[in-house]
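Each chain, written out:
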Amino acid sequence: MSYKKNGEKRLSLDEKHIRQLIVTRYHLQLANDQASIDREPSIFAAISLLHDSLEAFLVTASDFLNANVKQQTDIPTYLDRINEKLPENVELPFRFRLLQLNKVRVNAKHHGVQPDRTELQGYLGTCRDFFEKATKTIFQREFWNLSLTSILDDGETKELLQECENSLAQKNYNDALTFTRKAFFLEFEKSYDIKHFSEGERDSAWFFPYRMQCTFICAKCELHR
């Protein structure tokens, strides 16, 4: 969904922004994985990845909101510019903690100062909470449910893929594979289903469009050899 501020209409979330937010989520997961390793280098890696996830989110949000942000902008400026684009009396949460994270990352990357392991889980929790709240505020979506299926046209394929995602969230992997296979059939194989022949539909006029489609695909294969 979109909202308005000062008469300016916000664009709906598109494929580019969804992909970028998925990258944010991926970096967050990598940071969490590194934080669980009891080795000194993993602490540096976790802070770096966590900061990457924050930066990816802020870049995406500023682009989505058409915020006045220049290249190589720092974290405080990102937060300020995004807040300027939000509705009145609404602003991004956890500013102080995010700026603390930014300082820890600068010290680790540029000065070799090892981050405090006891603080690491706190920063991870702050970023998770920030992404959840900020995604609802800015994009009107759930951070953990973002996927490209949301931009598909309504129909049976979209419904099957959404069922697949629900099954994955519940760790029902067999059901997830079943829904995925059904969606694949609808999109790529239904046109070549031979059950019509078993039902007595052997008229050449019925088969003509599929024969032409096969000829077209074969021609493309020859062209790209």
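On a predicted model such as this, the values are computed, not experimentally measured, just so you know.

Peer 1: Where do I start with the nonpolar core in this structure?
Peer 2: In a soluble, globular protein the nonpolar side chains are often hidden away together inside. In this structure, Phe57, Leu58, Leu92, Phe130 and Ile138 are the most contacted members of the largest nonpolar core, which totals 36 residues. Those elements that provide at least two residues to this core are α1 (15–35), α2 (40–64), α3 (75–85), α4 (95–111) and α5 (117–139). For this core, the element with the highest residue contribution is α2, accounting for 10 residues.

Peer 1: I'm lost on the environment of glutamine 20 in this one. Help?
Peer 2: Mapped onto the secondary structure, glutamine 20 falls in helix α1. Assessed through its relative accessible area of 27%, glutamine 20 is described here as partly exposed. Placed 39 residues apart in sequence, glutamine 20 and valine 59 show a C-alpha to C-alpha distance of 8.9 Å.

Peer 1: How should I be thinking about α4 in this particular structure?
Peer 2: It helps to recall that an α-helix has 3.6 residues per turn; residues three or four apart then point in one direction. Between its first and last C-alpha, α4 extends 23 Å over 17 residues, near the 24 Å set by a 1.5 Å rise per residue. All buried positions along α4 are accounted for by Leu98, Leu101, Asn102, Arg105 and Ala108. Looking down the long axis of α4, one finds its buried residues gathered within 135 degrees of arc, a one-sided arrangement. Exposed and oriented more than 90 degrees from the buried face of α4 are Phe96, Lys103, His110 and His111. Structurally, α4 contributes buried residues whose contacts are with α2, α3 and α5. Looking one or two places after α4, you find glycine 112, whose phi comes out positive at around 70 degrees.

Peer 1: How should I be thinking about the confidence of the model for the chain in this particular structure?
Peer 2: Regions with low pLDDT should not have their predicted coordinates read in detail. In the predicted model, the chain carries a mean pLDDT of 84, and the fraction of residues at 70 or more is 81%. The low-confidence segment residues 1–11, where pLDDT is below 50, has 28 contacts with residues more than four positions distant or belonging to other chains.

Peer 1: Looking at this structure, I do not really get the pattern of salt bridges. What am I missing?
Peer 2: A side chain with one charge may pair with a side chain of the opposite charge, provided their charged atoms come close. Scanning all chains against the criterion turns up 8 salt bridges. Between aspartate 80 and arginine 95 there is a salt bridge, and its shortest N-O distance comes to 2.9 Å. Highlighted residues: aspartate 80 in helix α3 and arginine 95 in helix α4, separated in sequence by 15 residues. Between glutamate 119 and arginine 97 there is a salt bridge whose closest N-O contact spans 3.6 Å. Separated by 22 residues along the polypeptide, glutamate 119 in helix α5 and arginine 97 in helix α4 bring together distant segments of the chain. Overall, glutamate 119 belongs to the partly exposed group, its relative accessible area being 34%.

Peer 1: Before we go on, may I ask you to explain the side chain of asparagine 83 in this structure?
Peer 2: You can see asparagine 83 is positioned in helix α3. Engagement of the side chain of asparagine 83 in a polar contact is seen with the backbone nitrogen of leucine 92, the distance being 2.7 Å.

Peer 1: How do you make sense of the packing of aromatic side chains when you look at a structure like this?
Peer 2: Two measures describe an aromatic ring pair: the distance that separates the ring centres and the angle between the ring planes. The full count for this structure, using the stated rule, is 8 aromatic pairs. Ring centres 6.0 Å apart and planes at 90 degrees place the aromatic pair phenylalanine 57 and phenylalanine 139 in the edge-to-face group. Of the two residues, phenylalanine 57 sits in helix α2 while phenylalanine 139 sits in helix α5, which places them 82 residues apart along the sequence. For the pair formed by phenylalanine 57 and phenylalanine 139, the shared burial category is buried. Connected via pairs of aromatic rings, a cluster forms that spans Phe57, Phe64, Phe130, Phe131, Phe139, Phe143 and Trp144.

Peer 1: Is there a simple way to explain the packing of α2 against α4 in this structure?
Peer 2: A pair of packed helices is characterised by two quantities: the angle between their axes and the separation of those axes. Where α2 meets α4, the axes come as close as 10 Å, and the angle between the chain directions of the two elements is 130 degrees. Between α2 and α4, the crossing angle belongs to the class labelled oblique. Here the hand of the crossing between α2 and α4 comes out left-handed. Between α2 and α4, the residues in contact are Phe44, Ile47, Leu50, His51 and Leu54 and Leu98, Leu101, Asn102, Val104, Arg105 and Ala108, respectively.

Scoring rules and cut-offs
Residues numbered from 1 in each chain as written. Predicted model: local features only at pLDDT ≥ 70, side-chain atom pairs only at ≥ 80, totals over all residues. Heavy atoms only, no water. Core = buried A, V, L, I, M, F, W, Y, C linked by side-chain atoms within 4.5 Å. Buried < 20%, exposed > 50% of the residue type's maximum accessible area, 1.4 Å probe, protein only. Helix = DSSP H or I, 4+ residues; strand = E, 2+ residues; numbered from the N terminus. Expected span 1.5 Å × (residues − 1). Arc of directions from axis to C-beta. Contact = heavy atoms within 4.5 Å. pLDDT = per-residue confidence, 0-100. Salt bridge = Lys/Arg side-chain N within 4 Å of Asp/Glu carboxyl O. Polar contact = N/O pair within 3.5 Å; in protein donor to acceptor, adjacent residues only side chain to side chain. Phe/Tyr/Trp six-rings, centres within 6.5 Å; stacked < 30°, edge-to-face > 60°. Axes fitted to C-alpha atoms, helices over the stretch in contact; angles between N-to-C directions. Parallel < 35°, antiparallel > 145°, perpendicular 65-115°, else oblique. Left-handed = near helix turned anticlockwise from the far one by under 90°.

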